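Structural description and commentary
What follows is each chain in one-letter form.
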Amino acid sequence: MSGAKEIRSKIKSIKNTQKITKAMEMVAASKMRKAQDRMTATRPYAEKMRNVICHLSHAHAEIKHPFMIEREIKRVGYIVVTSDRGLCGGLNVNLFKKTLADMIAHDEQGIEIDVVAIGRKAVEYFKRRGANVVAQASHLGDTPHIDELIGTVKVMLDAFAEGDIDALYMVSNDFVNTMTQTATIAKILPVAGPADDQLKHHWDYIYEPDSKEILDSLLMRFVESQVYQGVVENIACEMSARMIAMKSATDNAGDIISDLETMYNKARQAAITQEISEIVAGAAAV
Amino acid sequence: MAMTIHLDIVSAEKEIWSGPATMVFAPGEMGELGIAPRHTPLLTRLKAGEVRVRDQRDAEESFFISGGILEIQPHVVTVLADTAIRADDLDEAAALAAKQRAEEAISDQKSDMDYATAKAELAEAAAMVETIKKVRGRR
């Protein structure tokens, strides 16, 4: 019966694991709902901001803001947004894969790379890889505040303004739906909008008070809002990815338990059969 | 039918208005702006104050914004507000309290809060009180 006992203790330990994954699934599900609400609430601002910037890039202004001028690329910056915690399936791994492929492509052209890591996973990953991390932010929690991000973003903005980097990309997860999240790399600076025929003609804004000042504050806000939106969206992604991962872990645990139970029953049956045949053989011998 | 202009008011937290308007009034940094359809493109910063919207049925709605950026295209107006609240939801008592706090912070030299922040807060609170008064007066 020793085999049966071992199997029983195994079943017990897997059941405990299943309880944990089940609990994590439910926690992630409830957090996901809140994170999604937050994401949809902040989305209009980021979208409208993008629209305004798109219009702006079509304006024929007398002075172009440095953030809007394409330069020869010698050094690029990446803002990589990941989660703080693991156990969320392939979410972060996929993001790193995509980032790395893009970085290698830049590297082959002899372009140097700076990284801003947001989220503990990104901080650890890029430290391990020996990337040039210029700023980092982690432990933002489930309700990140824009204040906590401004500092790290400013590092990149200053670097761009001073000409240290010539392009800025943001890598984060895009929330498609609960089942799918896709890692995306978006170019933030220099800003460029898609072609719009309506805005082809020669026009410019009236700027109040003056164009430099207003463009400064507008573009600053634009980058901040894009990064903030990326972080908020990433949290929604993290929660739904964790929910899915934990759900499949719970299901797998259930499968293993039912397999082990069949094995246990078989072992028990075999032991009983053996006992009976021993008794019968013993009785026949008497 | 009257000509309309599409107006979006969004704050960092949520979208507060999206739809057609016949006239929009906003507190620009250089002075109050009245925006009718086909306004020339304009980009300005906004002060704390009241944004008024006149819709197609000639009804007016008021919003309080704490500052932000205004973009005007001939057929689209976008208000990117730092925070936006429907004027009817403003809390007069809270606004007055905030104003008083800010005034105290300015007069109290030993306070940790620096002068510029206090001044900005006072301007915001004062604008809020002003908006409430205006909305009350119109009713």
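Every value quoted in this text rests on a predicted model; they were computed, and no experiment measured them.

Brief notes about the packing of aromatic side chains
Two descriptors summarise a pair of aromatic rings, namely the distance from one centre to the other and the angle between the planes of the rings. Residue and element names in this part refer to chain A. By the definition in use, this model includes seven aromatic pairs over all chains. Ring geometry for Phe-96 against Tyr-125: centres 3.9 Å apart, planes inclined by 5°, an arrangement best described as stacked. Of this pair, Phe-96 sits in helix α2 (residues 91–108) while Tyr-125 sits in helix α3 (residues 120–129), and the two are 29 residues apart along the sequence. When sorted by exposure, Phe-96 lands in the same class as Tyr-125, which is buried.

Topic: the domain arrangement of chain B
Residues and elements named next belong to chain B. For chain B, the domain assignment lists domain 1 (5–87) and domain 2 (90–138). Contacts between domain 1 and domain 2 engage 11 residues on the former and nine residues on the latter. When domain 1 packs against domain 2, the two sides together hide about 800 Å² of surface, and 63% of this comes from carbon and sulfur. Broken down residue by residue, the surface that domain 1 buries against domain 2 is led by Glu-50, Phe-64 and Ala-87, which jointly contribute 58%. Our count for the contact surface shared by domain 1 and domain 2 stands at zero salt bridges. Contributing elements (two or more residues each) for the side of domain 1 that touches domain 2: β6 (49–54), β7 (60–65) and β10 (84–86). In terms of residue class, the side of domain 1 that touches domain 2 is built from four nonpolar, three polar and four charged.

What to know about the pattern of salt bridges
According to the stated counting rule, one finds 20 salt bridges over all chains in the structure shown. The residue Arg-120 of chain A makes a salt bridge to Glu-124 of chain A at a minimum N-O spacing of 2.8 Å. Of the two residues, Arg-120 of chain A and Glu-124 of chain A are both situated in helix α3; the distance of four residues between them amounts to about one turn of the helix. Between Arg-45 of chain B and Glu-213 of chain A there is a salt bridge, with its nearest N and O atoms 2.8 Å apart. One end of the pair, Arg-45 of chain B, is in strand β5 (residues 42–46); the other, Glu-213 of chain A, is in helix α5 (residues 211–285), on a second chain. Residue Arg-45 of chain B is classed as buried on the basis of its relative accessible area of 16%. With relative accessibility at 37%, the residue Glu-213 of chain A sits in the partly exposed group. Counted as one network, the salt bridges with shared partners bring together Lys-31, Arg-85 and Asp-142 of chain A.

A short note on the interface of chain B and chain A
Across the boundary between the two partners, chain B contributes 25 residues, which contact 23 residues of chain A. Counting the surface lost from both chain B and chain A, the interface buries some 2100 Å², and carbon and sulfur atoms represent 66% of this. Interface area lost by chain B to chain A is led by Leu-43, Arg-45 and Leu-80 of chain B, which between them contribute 29%. The interface formed by chain B and chain A contains three salt bridges. Where Glu-15 of chain B meets Lys-48 of chain A, a salt bridge forms, and the shortest distance between an N and an O atom there is 3.9 Å. Here chain B and chain A share eight residue pairs in polar contact (both at pLDDT 80 or more) between them. Every element with two or more residues in the side of chain B that touches chain A is listed here: β1 (5–11), β5, β8 (68–73) and β9 (76–81) of chain B. Ranked by the residues each element gives to the side of chain B that touches chain A, the list is headed by β8 of chain B, at five residues.

Some remarks on α5 of chain A
The end-to-end C-alpha distance of α5 of chain A, which contains 75 residues, comes to 109 Å, matching closely the 111 Å that a straight helix rising 1.5 Å per residue would cover. Between a side-chain oxygen at the N-terminus of α5 of chain A and the backbone nitrogen of Lys-212 of chain A the separation is 3.3 Å; the capping residue is Asp-210 of chain A.

What about the packing of helix α1 (residues 92–107) of chain B against helix α2 (residues 115–138) of chain B?
All names here are of chain B. Across the interface, α1 lies against α2 with an axial gap of 8 Å and an inter-helix angle of 150°. In terms of axis orientation, α1 runs roughly antiparallel to α2. Note on packing geometry: the crossing formed by α1 with α2 is left-handed. Across from Glu-92, Ala-95, Leu-96, Ala-98, Lys-99, Ala-102, Glu-103, Ala-105 and Ile-106 in α1, the residues of α2 making contact are Tyr-115, Ala-118, Lys-119, Glu-121, Leu-122, Ala-125, Ala-126, Met-128, Val-129, Ile-132 and Arg-136.

Cut-offs and rules
- Residues numbered from 1 in each chain as written.
- Chains lettered and ligands numbered in written order.
- Predicted model: local features only at pLDDT ≥ 70, side-chain atom pairs only at ≥ 80, totals over all residues.
- Heavy atoms only, no water.
- Phe/Tyr/Trp six-rings, centres within 6.5 Å; stacked < 30°, edge-to-face > 60°.
- Helix = DSSP H or I, 4+ residues; strand = E, 2+ residues; numbered from the N terminus.
- Buried < 20%, exposed > 50% of the residue type's maximum accessible area, 1.4 Å probe, protein only.
- Domains from an automatic or database assignment.
- Contact = heavy atoms within 4.5 Å.
- Buried area = accessible area lost by both parts, 1.4 Å probe.
- Salt bridge = Lys/Arg side-chain N within 4 Å of Asp/Glu carboxyl O.
- Nonpolar A, V, L, I, M, F, W, Y, C, P; charged D, E, K, R; others polar.
- Polar contact = N/O pair within 3.5 Å; in protein donor to acceptor, adjacent residues only side chain to side chain.
- Expected span 1.5 Å × (residues − 1).
- Axes fitted to C-alpha atoms, helices over the stretch in contact; angles between N-to-C directions.
- Parallel < 35°, antiparallel > 145°, perpendicular 65-115°, else oblique.
- Left-handed = near helix turned anticlockwise from the far one by under 90°.

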